[in-house]
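Structural features, examined
Given next are the chains, with one letter for each unit.
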Amino acid sequence: MNADEMKKQAAWAALEYIKGDGIVGVGTGSTVNHFIDALATIKDRIEGAVSSSEASTQKLEANGIKVFNLNDCNEIEVYVDGADESNHLLELVKGGGGALTREKIIAAASKQFVCIADASKLVDVLGKFPLPVEVIPMARSYVAREIVKLGGQPVYREGVITDNGNVILDVHGLDIMEPIKLEKTLNDIVGVVTNGLFAMRPADVLLLGSPEGTKTVFAKS
Ligand SMILES: O=C[C@H](O)[C@H](O)[C@H](O)COP(=O)(O)O
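Residues numbered from 1 in each chain as written. Predicted model: local features only at pLDDT ≥ 70, side-chain atom pairs only at ≥ 80, totals over all residues. Heavy atoms only, no water.

Some thoughts on the layout of surface pockets
Counted as a void, the largest pocket has a volume near 200 Å³. Lining the largest pocket are 17 residues, and of these Thr28, Gly29, Ala83, Asp84 and Gly97 sit closest to its centre. Considering each element in turn, the lining of the largest pocket owes the most residues, three residues, to helix α2 (residues 30-40). Within the lining of the largest pocket, the residues separate by chemical class into three nonpolar, nine polar and five charged. Considering the residues around the second largest pocket, the lining is formed by 17 residues, among which Ser53, Gly97, Gly98, Ala99 and Asp163 are closest to the centre. Elements that contribute at least two residues to the lining of the second largest pocket include exactly α3 (54-62) and α4 (100-108). Grouping the amino acids of the lining of the second largest pocket by side-chain chemistry returns five nonpolar, eight polar and four charged. Taken together, domain 1 (3-123 + 200-217) and domain 2 (131-195) each give at least three residues to the lining of the second largest pocket, which thus spans both. (1 Å grid on protein atoms, 1.4 Å probe; cavity = no way out; pocket = protein on both sides within 12 Å on 5 of 7 lines; lining within 4 Å. Points joined across faces, edges and corners; volume = space filled by probe spheres on them. Helix = DSSP H or I, 4+ residues; strand = E, 2+ residues; numbered from the N terminus. Nonpolar A, V, L, I, M, F, W, Y, C, P; charged D, E, K, R; others polar. Domains from an automatic or database assignment.)

Listed below in C-alpha coordinates is the structure:
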(Lines give C-alpha, C1' and ligand atoms only; values in the text may rest on other atoms or scores of the structure.)
Protein backbone atom coordinates (compact mmCIF):
# COMPACT_ATOMS: atom_id res chain seq x y z
CA MET A 1 0.00 0.00 0.00
CA ASN A 2 1.53 3.36 -0.98
CA ALA A 3 1.30 6.62 0.98
CA ASP A 4 -1.49 8.02 -1.16
CA GLU A 5 -3.65 4.91 -0.60
CA MET A 6 -3.08 5.27 3.14
CA LYS A 7 -4.06 8.96 2.98
CA LYS A 8 -7.23 8.03 1.09
CA GLN A 9 -8.13 5.37 3.65
CA ALA A 10 -7.75 7.83 6.56
CA ALA A 11 -9.69 10.52 4.68
CA TRP A 12 -12.69 8.30 4.03
CA ALA A 13 -12.65 7.10 7.66
CA ALA A 14 -13.16 10.73 8.73
CA LEU A 15 -16.71 10.67 7.29
CA GLU A 16 -17.80 8.83 10.41
CA TYR A 17 -17.07 12.00 12.42
CA ILE A 18 -19.48 14.13 10.36
CA LYS A 19 -22.52 13.46 12.49
CA GLY A 20 -24.58 16.63 12.20
CA ASP A 21 -26.05 18.49 9.25
CA GLY A 22 -24.09 21.71 9.76
CA ILE A 23 -20.97 23.31 8.34
CA VAL A 24 -17.81 21.19 8.18
CA GLY A 25 -14.32 22.68 8.58
CA VAL A 26 -12.05 21.58 5.75
CA GLY A 27 -8.24 21.75 5.74
CA THR A 28 -5.78 21.67 2.86
CA GLY A 29 -3.49 19.20 1.12
CA SER A 30 -3.37 15.89 -0.68
CA THR A 31 -5.03 13.96 2.20
CA VAL A 32 -7.79 16.56 2.48
CA ASN A 33 -8.37 16.32 -1.28
CA HIS A 34 -9.44 12.71 -0.69
CA PHE A 35 -11.62 13.89 2.19
CA ILE A 36 -13.37 16.40 -0.10
CA ASP A 37 -14.16 13.54 -2.51
CA ALA A 38 -15.62 11.62 0.43
CA LEU A 39 -17.56 14.65 1.71
CA ALA A 40 -19.12 15.08 -1.74
CA THR A 41 -20.93 11.76 -1.24
CA ILE A 42 -22.85 13.21 1.74
CA LYS A 43 -23.16 16.78 0.47
CA ASP A 44 -26.97 16.66 0.52
CA ARG A 45 -27.08 16.14 4.27
CA ILE A 46 -24.64 18.92 5.29
CA GLU A 47 -25.10 22.67 5.03
CA GLY A 48 -21.66 23.21 3.53
CA ALA A 49 -18.05 23.88 4.49
CA VAL A 50 -15.60 26.51 5.68
CA SER A 51 -12.31 26.23 3.87
CA SER A 52 -8.70 26.82 4.88
CA SER A 53 -7.36 27.70 1.41
CA GLU A 54 -8.26 28.89 -2.06
CA ALA A 55 -7.26 25.45 -3.37
CA SER A 56 -9.69 23.61 -1.07
CA THR A 57 -12.42 26.16 -1.82
CA GLN A 58 -12.06 25.50 -5.54
CA LYS A 59 -12.25 21.73 -5.05
CA LEU A 60 -15.20 21.98 -2.66
CA GLU A 61 -17.14 24.18 -5.07
CA ALA A 62 -16.25 21.95 -8.02
CA ASN A 63 -17.85 19.13 -6.02
CA GLY A 64 -21.03 21.13 -5.43
CA ILE A 65 -20.32 21.85 -1.74
CA LYS A 66 -21.26 25.37 -0.63
CA VAL A 67 -18.38 27.29 0.99
CA PHE A 68 -19.21 29.72 3.81
CA ASN A 69 -17.17 32.62 5.21
CA LEU A 70 -16.02 31.76 8.75
CA ASN A 71 -17.32 35.16 9.93
CA ASP A 72 -20.84 34.04 9.06
CA CYS A 73 -20.59 30.84 11.12
CA ASN A 74 -20.88 30.00 14.78
CA GLU A 75 -18.59 27.40 16.32
CA ILE A 76 -17.77 24.66 13.80
CA GLU A 77 -18.59 21.12 15.01
CA VAL A 78 -15.78 19.24 13.23
CA TYR A 79 -12.60 20.30 11.44
CA VAL A 80 -10.83 17.73 9.26
CA ASP A 81 -7.26 18.35 8.15
CA GLY A 82 -3.98 16.61 7.38
CA ALA A 83 -0.55 17.10 8.97
CA ASP A 84 3.11 16.89 8.13
CA GLU A 85 3.94 15.34 11.51
CA SER A 86 2.09 14.36 14.69
CA ASN A 87 3.54 13.30 18.04
CA HIS A 88 1.73 11.06 20.53
CA LEU A 89 0.06 14.06 22.17
CA LEU A 90 -1.40 14.86 18.74
CA GLU A 91 0.62 18.07 18.63
CA LEU A 92 1.24 18.72 14.96
CA VAL A 93 3.56 20.32 12.47
CA LYS A 94 1.55 21.69 9.56
CA GLY A 95 2.00 24.10 6.66
CA GLY A 96 3.85 22.03 4.07
CA GLY A 97 1.28 23.39 1.63
CA GLY A 98 1.50 26.94 3.03
CA ALA A 99 -2.04 27.01 4.41
CA LEU A 100 -1.09 27.01 8.10
CA THR A 101 -2.62 30.32 9.19
CA ARG A 102 -6.14 29.74 7.90
CA GLU A 103 -5.89 26.14 9.10
CA LYS A 104 -4.99 27.28 12.60
CA ILE A 105 -7.87 29.75 12.64
CA ILE A 106 -10.45 27.13 11.69
CA ALA A 107 -8.94 24.58 14.10
CA ALA A 108 -9.28 27.17 16.89
CA ALA A 109 -12.88 27.87 15.93
CA SER A 110 -13.87 24.18 15.93
CA LYS A 111 -15.11 21.89 18.69
CA GLN A 112 -13.39 18.77 17.36
CA PHE A 113 -10.25 18.53 15.22
CA VAL A 114 -9.93 15.25 13.32
CA CYS A 115 -6.47 14.86 11.80
CA ILE A 116 -6.06 12.49 8.85
CA ALA A 117 -2.70 11.15 7.68
CA ASP A 118 -0.72 8.20 6.45
CA ALA A 119 1.10 6.10 9.05
CA SER A 120 4.51 7.71 8.39
CA LYS A 121 3.33 11.02 9.91
CA LEU A 122 3.26 9.74 13.52
CA VAL A 123 6.64 10.43 15.16
CA ASP A 124 8.06 10.36 18.68
CA VAL A 125 9.55 13.87 18.50
CA LEU A 126 8.48 16.66 16.14
CA GLY A 127 11.04 18.43 14.01
CA LYS A 128 12.32 16.24 11.22
CA PHE A 129 9.93 18.03 8.89
CA PRO A 130 11.04 21.70 8.65
CA LEU A 131 8.71 23.99 10.56
CA PRO A 132 6.87 26.47 8.30
CA VAL A 133 6.51 30.05 9.57
CA GLU A 134 4.26 32.54 7.74
CA VAL A 135 5.81 36.01 7.73
CA ILE A 136 4.79 39.52 6.59
CA PRO A 137 7.02 40.05 3.49
CA MET A 138 8.84 43.19 4.76
CA ALA A 139 9.82 41.36 7.98
CA ARG A 140 11.38 38.33 6.27
CA SER A 141 15.07 39.10 6.96
CA TYR A 142 14.45 40.37 10.50
CA VAL A 143 12.39 37.29 11.41
CA ALA A 144 15.02 35.01 9.86
CA ARG A 145 17.73 36.59 12.04
CA GLU A 146 15.58 36.16 15.18
CA ILE A 147 15.00 32.49 14.32
CA VAL A 148 18.75 31.94 13.91
CA LYS A 149 19.15 33.31 17.48
CA LEU A 150 16.77 30.53 18.62
CA GLY A 151 18.97 27.92 16.95
CA GLY A 152 16.93 27.40 13.78
CA GLN A 153 18.04 27.54 10.16
CA PRO A 154 15.33 29.36 8.18
CA VAL A 155 15.03 28.72 4.47
CA TYR A 156 12.94 31.13 2.38
CA ARG A 157 10.33 29.21 0.35
CA GLU A 158 11.09 30.98 -2.91
CA GLY A 159 8.27 31.81 -5.28
CA VAL A 160 5.54 31.02 -2.74
CA ILE A 161 3.01 33.65 -1.66
CA THR A 162 0.35 32.46 0.76
CA ASP A 163 -3.38 33.03 0.31
CA ASN A 164 -2.90 35.90 2.79
CA GLY A 165 -0.21 37.58 0.65
CA ASN A 166 2.70 36.59 2.91
CA VAL A 167 5.89 34.53 2.60
CA ILE A 168 7.02 31.30 4.25
CA LEU A 169 10.26 30.48 6.06
CA ASP A 170 10.87 26.74 6.50
CA VAL A 171 12.88 26.33 9.69
CA HIS A 172 15.28 23.41 9.98
CA GLY A 173 17.13 22.20 13.04
CA LEU A 174 14.87 23.53 15.81
CA ASP A 175 14.62 21.65 19.07
CA ILE A 176 10.90 20.85 19.41
CA MET A 177 11.03 19.16 22.80
CA GLU A 178 8.60 21.76 24.17
CA PRO A 179 6.13 22.41 21.36
CA ILE A 180 3.79 24.80 23.22
CA LYS A 181 6.69 26.97 24.39
CA LEU A 182 8.22 27.10 20.92
CA GLU A 183 4.87 27.85 19.28
CA LYS A 184 4.46 30.87 21.55
CA THR A 185 8.08 32.01 21.23
CA LEU A 186 7.95 32.02 17.43
CA ASN A 187 4.60 33.78 17.38
CA ASP A 188 6.05 36.51 19.61
CA ILE A 189 8.58 37.57 16.93
CA VAL A 190 7.25 40.75 15.34
CA GLY A 191 6.36 40.08 11.70
CA VAL A 192 5.41 36.44 12.25
CA VAL A 193 1.78 35.80 11.33
CA THR A 194 1.84 32.31 12.79
CA ASN A 195 3.90 29.14 12.72
CA GLY A 196 3.02 25.57 11.78
CA LEU A 197 3.13 24.14 15.29
CA PHE A 198 -0.35 23.11 16.40
CA ALA A 199 0.42 22.47 20.07
CA MET A 200 -1.76 25.00 21.87
CA ARG A 201 -4.65 23.56 19.85
CA PRO A 202 -3.63 19.97 19.03
CA ALA A 203 -5.83 17.48 17.20
CA ASP A 204 -8.47 15.62 19.23
CA VAL A 205 -8.19 12.42 17.24
CA LEU A 206 -5.73 11.17 14.62
CA LEU A 207 -6.84 8.75 11.92
CA LEU A 208 -3.83 6.99 10.45
CA GLY A 209 -4.13 5.03 7.22
CA SER A 210 -1.98 1.89 7.25
CA PRO A 211 -1.73 -1.47 5.45
CA GLU A 212 -3.41 -3.04 8.52
CA GLY A 213 -6.39 -0.67 8.28
CA THR A 214 -7.15 2.75 9.76
CA LYS A 215 -5.80 3.28 13.25
CA THR A 216 -7.56 5.69 15.60
CA VAL A 217 -5.12 7.47 17.91
CA PHE A 218 -6.03 9.62 20.91
CA ALA A 219 -3.60 11.83 22.82
CA LYS A 220 -1.41 9.89 25.24
CA SER A 221 -0.88 11.90 28.40
O1 LIG B 1 -0.42 23.69 4.44
C2 LIG B 1 -0.73 22.52 4.30
C3 LIG B 1 -1.28 21.67 5.34
O4 LIG B 1 -0.87 21.94 6.64
C5 LIG B 1 -1.36 20.18 5.04
O6 LIG B 1 -2.44 19.72 5.79
C7 LIG B 1 -0.13 19.38 5.37
O8 LIG B 1 0.99 19.91 4.70
C9 LIG B 1 -0.29 17.89 5.01
O10 LIG B 1 -0.42 17.76 3.64
P11 LIG B 1 -0.64 16.39 2.89
O12 LIG B 1 -2.00 15.91 3.26
O13 LIG B 1 -0.54 16.73 1.42
O14 LIG B 1 0.44 15.44 3.33
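What about the domain arrangement of the protein chain?
The extent of an interface is frequently quoted as the accessible surface area lost upon association of the parts. Domain boundaries in the protein chain define domain 1 (3-123 + 200-217) and domain 2 (131-195). The distance between the C-alpha centroids of domain 1 and domain 2 comes to 24 Å. With 15 residues of domain 1 at the contact, the number on the domain 2 side is 16 residues. Approximately 1300 Å² of surface area, both sides summed, lies buried where domain 1 meets domain 2, with 55% of it carried by carbon and sulfur atoms. A per-residue breakdown of the area domain 1 buries against domain 2 is headed by Leu100, Lys104 and Met200, which together make up 42% of the total. On inspection of domain 1 and its partner domain 2, the count reaches one salt bridge. (Contact = heavy atoms within 4.5 Å. Buried area = accessible area lost by both parts, 1.4 Å probe. Salt bridge = Lys/Arg side-chain N within 4 Å of Asp/Glu carboxyl O.)

Regarding the site of the ligand
By nearness alone, 17 residues border the ligand, and Thr28, Ser30, Thr31, Asp84 and Glu103 come closest of all. A distance of 3.1 Å separates an oxygen atom of the ligand from a polar backbone atom of glycine 98. Coverage of the ligand by the protein chains reaches 91% of its 380 Å² of free accessible surface. Taking a 2 Å distance to the grid points as the criterion, the majority of the atoms of the ligand fall inside the largest pocket. In the shell around the ligand, the residues fall into two nonpolar, nine polar and six charged. (Near = heavy atom within 4 Å. Polar contact = N/O pair within 3.5 Å; in protein donor to acceptor, adjacent residues only side chain to side chain. Areas by Shrake-Rupley, 256 points an atom, 1.4 Å probe, with all protein chains shown as cover. Sits in = over half its atoms within 2 Å of the grid points.)

Side note on the nonpolar core
Formed by 25 residues in total, the largest nonpolar core has its most connected members in Ile18, Val26, Phe35, Leu39, Val114 and Ile116. Here the element with the most residues in this core is α2; it accounts for six residues. Core analysis: the next-biggest nonpolar cluster, separate from the first, contains 20 residues, Leu131, Ala139, Val167 and Val192 among them. (Core = buried A, V, L, I, M, F, W, Y, C linked by side-chain atoms within 4.5 Å. Buried < 20%, exposed > 50% of the residue type's maximum accessible area, 1.4 Å probe, protein only.)

Topic: the sheet that holds strand β5 (residues 85-86)
Strand order in the open sheet formed by three strands is β5-β6-β12, with antiparallel pairing between adjacent strands. A strand with exactly one partner marks an edge of an open sheet, and here the two such strands are β5 and β12 (197-198). Of the pairings in the sheet, the one linking strand β6 (residues 92-93) to β12 comprises two bridges and is antiparallel in character. Along β12, the bridge assignment pairs leucine 92 with phenylalanine 198. (Pairing = 2+ DSSP bridges.)

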